[in-house]
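# Chain and residue survey
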Amino acid sequence: MNRLVVQRNIFTISLIFFIITYFCVYKNTSMLATTILSPDFLKHFNISEILDNKPTSGQKRVHIVIKDGIKIALKIISVIDERIERELKIYEVFKSNNGIPCILDVQRYGHELVISEEYIEGQDLSQVLGEYIGDSEKIRKLIFLIAEIMEPVWDGDYVHRDLKPQNIRIKDDGTPVVIDFGIARDLGDGTITPIGFQPNSWPFASPEQLFAKKELISYRTDFFCLGIIAHFLFTGKLPFGNSQLEISTCFSQEQITFDIGDEPLNLFLNIVLKYKVAERPRTVENFKNSLSI
Amino acid sequence: MKIIHVLGHNAKWNIDSFLEQRIGDGFLITAFTFGKKFMSHKQLNPLLEKCMLDLQFYGKKAKLKAGKLLEFDFHPTNGNPFDVTNVFIHNCIKQAIQFQIDLGFKEIIIPICYESDNCEEIIQNITIINAHVSKNRQEGIKYFLTLPFSFDIIRDQEIVDRILIAATDKKIDFDGYNIVCENKPEQGHKINTDSKLITNLSTVFKTLKYQGFETIYSYANWDAIIYLAQTDIDYITIGSYENLRNFSIKRFTEDISGGASKGYYFSEKLLNMIRAQDIIQIQVNGMIPAIQNEKNIFSDIILATDYIWNIHKPDVNKNYLLSISRLLSKISQIKDIRQRTLHVLFLIQDAIICYKDLDDHYIALAGSESKNYHLESWKMYLLKTIGMKPDEFITTYKKLS
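Position numbers for residues count from 1 along each chain, tracking the sequence in the order it is written. Whichever chain is written first becomes A and whichever ligand is written first becomes 1, with later ones labelled in order. Two thresholds apply to this predicted model, a pLDDT of at least 70 for residue-level local features and 80 or more for giving and counting side-chain atom pairs, whereas whole-chain, interface and lining totals are computed over all residues. Side-chain descriptors were evaluated using all non-hydrogen atoms of the structure, hydrogens and water having been removed beforehand.

## Observations regarding the side chain of K75(A)
Residue and element names in this part refer to chain A.
- Of note, K75 is situated in strand β3 (residues 70-77).
- We define a polar contact as two N or O atoms separated by no more than 3.5 Å, with the added condition that, inside protein, one atom must be a possible hydrogen donor and the other a possible acceptor, whereas residues neighbouring each other in sequence contribute only through side-chain atom pairs. In this structure the side chain of K75 is engaged in a polar contact, spanning 3.4 Å, whose partner is the side chain of E87.
- Not counting residues up to four positions away in its chain, the partners in contact with K75 are K60, R61, V62, E87, Y91, L113, V114, I115 and E117. Counting from the N terminus, the helices are the DSSP runs of H or I reaching at least four residues and the strands are the DSSP runs of E reaching at least two. Working rule for contacts: check all heavy atoms of both residues, and any pair within 4.5 Å makes them a contact.

## A few points about the confidence of the model for chain A
All names here are of chain A.
- The pLDDT score gives, residue by residue, the confidence of the prediction method on a 0 to 100 scale. Residue-level pLDDT values for chain A average 85, and 81% of them are 70 or greater.
- Under a pLDDT of 50 for its full length, residues 15-35 has, in the predicted model, 22 contacts with residues more than four places off or in other chains.
- Segment residues 190-195: pLDDT under 50, and eight contacts once partners within four positions in sequence are set aside and those in other chains are kept.

## Notes on the pattern of salt bridges
Residues and elements named next belong to chain A.
- For this analysis, a salt bridge means a side-chain nitrogen from Lys or Arg found within 4 Å of a carboxyl oxygen belonging to Asp or Glu. On inspection of all chains with the given rule, the structure shows 33 salt bridges over all chains.
- The salt bridge involving K54 is made with D52; its shortest N-O contact spans 3.5 Å.
- A relative accessible area of 34% means that D52 is categorised as partly exposed.
- Of the charged contacts, one joins E151 and K288 as a salt bridge, the two residues approaching to 2.8 Å between their closest N and O atoms. Categorising residues by exposure relies on relative accessible area from a 1.4 Å probe, with only protein chains included: less than 20% of the type maximum marks a residue as buried, more than 50% marks it as exposed, and the intermediate range marks it as partly exposed.

## Focus on the interface of chain B and chain A
- Counting from both sides, the interface comprises 16 residues of chain B and, opposite them, 17 residues of chain A.
- Buried area is calculated as the accessible area (1.4 Å probe) missing from two parts once they are joined, with the contributions of both summed. Summed over both sides, the interface of chain B with chain A buries roughly 1,500 Å², with 48% coming from carbon and sulfur.
- When residues of chain B are sorted by the area they lose upon contact with chain A, I165(B), K170(B) and Q211(B) head the list and together hold 42% of the total.
- Between the two partners, chain B and chain A, sit three salt bridges.
- A salt bridge links K213(A) to E158(B); the shortest N-O distance between them is 3.3 Å.
- Counting across the interface, chain B meets chain A through eleven residue pairs in polar contact (both at pLDDT 80 or more).
- Broken down by secondary-structure element, the contributors of at least two residues to the side of chain B that touches chain A are α6 (157-167) and α7 (195-210) of chain B.
- If one sorts the elements of the side of chain B that touches chain A by residue count, α6(B) sits on top with six residues.
- Of the residues contributing to the side of chain B that touches chain A, the split by class is five nonpolar, five polar and six charged. Throughout, the ten residues Ala, Val, Leu, Ile, Met, Phe, Trp, Tyr, Cys and Pro are labelled nonpolar, Asp, Glu, Lys and Arg are labelled charged, and all others, Gly among them, are labelled polar.

## Some words on the domain arrangement of chain B
Residues and elements named next belong to chain B.
- Where each domain begins and ends follows an automated or database-derived domain assignment. With domains assigned, chain B is organised as domain 1 (2-253) and domain 2 (264-400).
- Distance from the C-alpha centre of domain 1 to the C-alpha centre of domain 2: 28 Å.
- Contacts between domain 1 and domain 2 engage 37 residues on the former and 35 residues on the latter.
- Roughly 3,100 Å² of surface becomes buried between domain 1 and domain 2 when both sides are summed, with 71% attributable to carbon and sulfur atoms.
- Ranking the residues of domain 1 by area buried against domain 2 places W13, W222 and I225 at the top, with a combined share of 22%.
- K190 is the salt-bridge partner of E369, the closest N and O atoms lying 3.3 Å from each other.
- Run the count over domain 1 and domain 2 and you get 15 residue pairs in polar contact (both at pLDDT 80 or more).
- Residue assignment for the side of domain 1 that touches domain 2 shows that the elements contributing at least two residues are β1 (2-7), α1 (12-21), α7, α8 (224-228) and β8 (235-238).

This is the structure in structure tokens:
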């Protein structure tokens, strides 16, 4: 009997809590959000509205919210390790770089780290692929702009290591912003064990990433990934195969020569998509020149 | 491409051939042979502006009785063997650079110690010395870092790739690289036909050139032909004696002396050295015209029936210098790389046919180092690089030759 009363009370309290939070805060959000962000959390961070909840990725949750009256990307990190410290360091070092989101605030909340990041209006490159198919000039300009964003990063001895359409935001004016430096590597920091690439990033990985040859990772790894993106945008297809096995097999054989029916892109791809790292463009300047802009 | 004489044992023939026959474009002075005396060398002193200096740090701390490396105060051989740290070596290298600048050299060869298998050490050297050169660069001077590849390293593709990544990094400020490669030819051979060695050394030359660096192939033998067939090389050395044409680390770590030899005749038609003893049977069988170098006064002299062979005679040494410099110059003048490779393939095929001709005339070279042990390997390797099948090549050869 007592147990039944307790259960009924819990249910009533939960229901009241749900109704209050729904009408006060979550009126524009999905039910999922109510289970993630507590009222205390929302109050603590002065969040007035949750606009979107991104799918959970690893130990990171991302919510698009209105905080202090500003639309931001709120990243909640459950495991604080050297990867996140590295990512924050990169954002701090390159905070004046317009092509990389700004970090507005970093706070610990309980055992989690809460990062308020500038929200980039626009869409992921993966959502607007159709706008690039077959448009060589538009693709080469985009890659050129990404290289301009990344140039100071590469010069600072950092490597993104996870360049793919999902990590490139296209603003409404068409300019790109590079996001998610979560697995970027500081080449000067020997204490960090570099990981090849994110498990789900194999379609855009270089041979040295796919074969886990971490000692070969450099800025020229990012060059290769940008080459794959260019090929993917122009043809709608991956250049080396559609499965991890197919791509690995391709990388183990003779170097492929590309002919995708567009001279400037052929030139770029055949310069950049070299399996051997030392054969890729030596400098960022060479990389940009190979785009024939 | 410039032809550079390696000045070592009996450098007189090299200097003579430069002054009298206009063979070559400059000199590479070897510290082991000359010590500091090159500055007061009567013949060499007026030619110093055409010289580069290899201070030969290869043996690191080895104390040799032979050679004159100890004459250089900053040479690692002068270090206390228990005190030779990386910092010490790097300081030696920095002093070696300054030494050359102070003497007015415009092309500085930066000496590096030989590492038999320590890839990390090589990469660290590239990075540290590059930082020093970047900071202290002087206008009008070209800096060439020596990359001494041990036999084990050059045959290891992964290590070669790592070295090339470091050597072509965006921060590199060297103008080029001085490539030194330990060949270790098989017993009775003068050049190595190991396919891993040929493939990886080709990659070294091609990659460095592609990335905009000047390249020097030091202590090169006539194997330079196949590397030059695939890419431009800016400087190739020619040497009158075998120990100057085959880099061996033993020369810098042990006191060794060369073996006795009557001498060799380099035949452009066979692309090989023919032992003096084998020349006799070629003469007896009336096949001298088949191997004789054209328009080469030294060749004419030494192939005469009454010639008395001796390795120390100028003709024997100058024949090679003239022949190889002509061969290399002609190859380098072909700008289109595919055409250049085909030209060399035609030379190789001519040589294979020439060997067949000697066979048909009962000349037995099989047991001798004068035999053809290298041409098929060269041919197949070069055909692969241009993606041409052997049958297709033979058809082309028959059509055009």
